[in-house]
Every structure is written in structure tokens, then in C-alpha cells.
Amino acid sequence: MNQTPTTRIAPSLLSADFARLGEEVRNVVEAGADWIHFDVMDNHYVPNLTMGPMVCKALRPHTTAQIDVHLMVEPVDAIIPQFAQAGANIITFHPEASRHPDRSLTLIRELGCKAGLVFNPATSLHWMDYVMDKLDVVLLMSVNPGFGGQSFIPGTLAKLRQARQKILAWQSQGGQAIALEVDGGVKLDNIAAIRAAGADTFVAGSAIFGHKDYKKIISSMRAEILKGETISV
Ligand code: DX5
Ligand code: ZN
């Protein structure tokens, strides 16, 4: 495939044991995780309530891995500095949840974090077009946000190909690297096709934390990702 060879696995803490989060983070990084995906839900933008900046701050000393904060909150700007101070490395948000997505992206970067937009299954990729220079990550939701353990929506594969084309076009004009992340229903049996469609960063919650051997499942996922390099979907 004509794209950056770097791939990453980002376990979502949503399916971890919340009573042992620090240990879960250490174990999953030890098992080979690249990023820690940290789902923030506010019972407003999505019908669920999870973790805030205090939990991010508490986990920060447990790992040097990148903490990838996925904001499912509305509004977004007030909480961004709190996560930056809490040690987040990457902060992504849903553009329709911000009055001013360009301003929110700029704010994240000014605070020293990598910035990204998140696209729900029905949200158009056109939100990318005028902020390409401000994106470090594009995250495509392959389920409707709010809960772990849902099924992958197959139409995400075509959308991934479109997003990859936009990123390739941008980079061919000298643009910066932009990670293409996918989140929701990523499993061992679909990760190769997801890779083949253009994703380079794979969030997986229930598939990893629901497995008794984190090292085994992460290694198996990596092997499937490699297979995805050679197939077309
Ligand atoms: C859903 C979250 C996802 C979720 C993924 O709103 O953003 O990160 O935890 O969980 P699985 O991999 O179980 O679909
Ligand atoms: Zn997420």
C-alpha cells in the first residue's frame, strides 16, 4: 500500500477494569500497546459517563506511552487545557460538538498536544478540508460513540479509503503526517481489512481487555495488520 508503514495499537480503557486502571495500563503497555486510548464521555454529547482529567493525571505516572484522549463531550474547549495539564499527548474531539473546530484544534496544539477530529459514522469527512494543516490525527468512528462492545459498521471501510486519499493528497503537496485512526468494533477477524482500507492506528477495547492474555491478542492483531498490507478490500 502506498502509505506510511507505521501502525499502532491503542487499547481503549473503556473495557479495562476500572478498579485497577493503573495496573491495566502498565500491563497492556508491557504487552505491546502503543497508545492508551482514553474515552471521555459526558452524559450529554453521548449517553454515558466515564473519566475526566483527574483520572488521566492519576494514570500519567504509570506509563510513558502516548495517552490518546478521545473527547465525547460538548462543549469541548473548556476541558482541553485540563487534559493537557493532566498529561494527555493527543486530544481529539467531534467537530459538531465544538462551535469553532479550527479554534479548538489550534488550542490543543498551543498546549503542546497533538490534535485531531473524530468523525461519527454519519458525519461527513468535509470537516477535514479546511483544517488539514492543523490535524495530527483523523479518527473514524466505526460504531456510534457511547459504549464499548458494539459491532463494526462495514461502511467505515469505504470511508477509511476516502480519508486515506485525502491524507495522501495532502502529503503529496508537502503536508505533515496525519495518523488515520479507527475506533469501534475492531477485532482480530476484521483488523486486516481495516488496515487494507487505510487505517494505521487501531483502537480496540473489548477485543483486548476481554482477552485473558493481552500479549497474545496484541501480537495476533499485529500479525493480522501485516496481512492487511498485502490484501485489497
Ligand atoms: C466508543 C469508544 C470506543 C470503545 C471501543 O464510544 O470511543 O473507544 O471503547 O470499544 P470496542 O473496541 O469494544 O468497540
Ligand atoms: Zn474512543
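My aim in this report is to walk through the structure given alongside it, one point at a time. No experiment lies behind these values; they were computed from the predicted model shown.

**A closer look at the pattern of salt bridges**
Counted under the stated rule, the structure contains 12 salt bridges. We note a salt bridge from Glu23 to Arg20, for which the minimum N-O separation is 3.1 Å. Relative accessible area serves as the criterion here: at 33%, Glu23 is assigned to the partly exposed category. With a closest N to O distance of 3.1 Å, Asp102 and Lys134 form a salt bridge. Placement of the pair is Asp102 in helix 4 (residues 101-110) and Lys134 in the loop between strand 5 (114-119) and strand 6 (137-141), with a sequence separation of 32 residues. Three or more residues are tied together by salt bridges with common partners; here these are Asp17, Arg20, Glu23 and Glu24.

**Notes on the coordination of the zinc ion (ligand 2)**
Protein coordination at the zinc ion (ligand 2) comes from His37 (NE2), Asp39 (OD), His70 (ND1) and Asp183 (OD), with a distance range of 2.0 to 2.3 Å. Positions of the donor residues of the zinc ion (ligand 2), expressed as sequence spacing, correspond to H-x1-D-x30-H-x112-D. Of this pair, His37 sits in strand 2 (residues 35-41) while His70 sits in strand 3 (residues 66-72), and the two are 33 residues apart along the sequence. Like His70, His37 is buried.

**Topic: the site of ligand 1**
The environment of ligand 1 is made up of 20 residues, and the closest members are Asp39, Gly146, Asp183, Gly205 and Ser206. Asp39 places a polar side-chain atom, nitrogen or oxygen, 2.7 Å from an oxygen atom of ligand 1. A distance of 3.3 Å separates an oxygen atom of ligand 1 from a polar side-chain atom of His70. Considered on its own, ligand 1 offers 380 Å² of accessible surface; in the complex 100% of this is hidden by protein. Here ligand 1 is seated within the largest cavity. Elements that contribute at least two residues to the shell around ligand 1 include exactly strand 2, strand 3 and strand 8 (201-204). The element that contributes the greatest number of residues to the shell around ligand 1 is strand 2, accounting for three residues.

Criteria and cut-off values
- Residues numbered from 1 in each chain as written.
- Chains lettered and ligands numbered in written order.
- Predicted model: local features only at pLDDT ≥ 70, side-chain atom pairs only at ≥ 80, totals over all residues.
- Heavy atoms only, no water.
- Salt bridge = Lys/Arg side-chain N within 4 Å of Asp/Glu carboxyl O.
- Buried < 20%, exposed > 50% of the residue type's maximum accessible area, 1.4 Å probe, protein only.
- Helix = DSSP H or I, 4+ residues; strand = E, 2+ residues; numbered from the N terminus.
- Donors = N, O, S within 2.8 Å, 3.2 Å for Na, K, Ca; no water.
- Near = heavy atom within 4 Å.
- Polar contact = N/O pair within 3.5 Å; in protein donor to acceptor, adjacent residues only side chain to side chain.
- Areas by Shrake-Rupley, 256 points an atom, 1.4 Å probe, with all protein chains shown as cover.
- 1 Å grid on protein atoms, 1.4 Å probe; cavity = no way out; pocket = protein on both sides within 12 Å on 5 of 7 lines; lining within 4 Å.
- Sits in = over half its atoms within 2 Å of the grid points.

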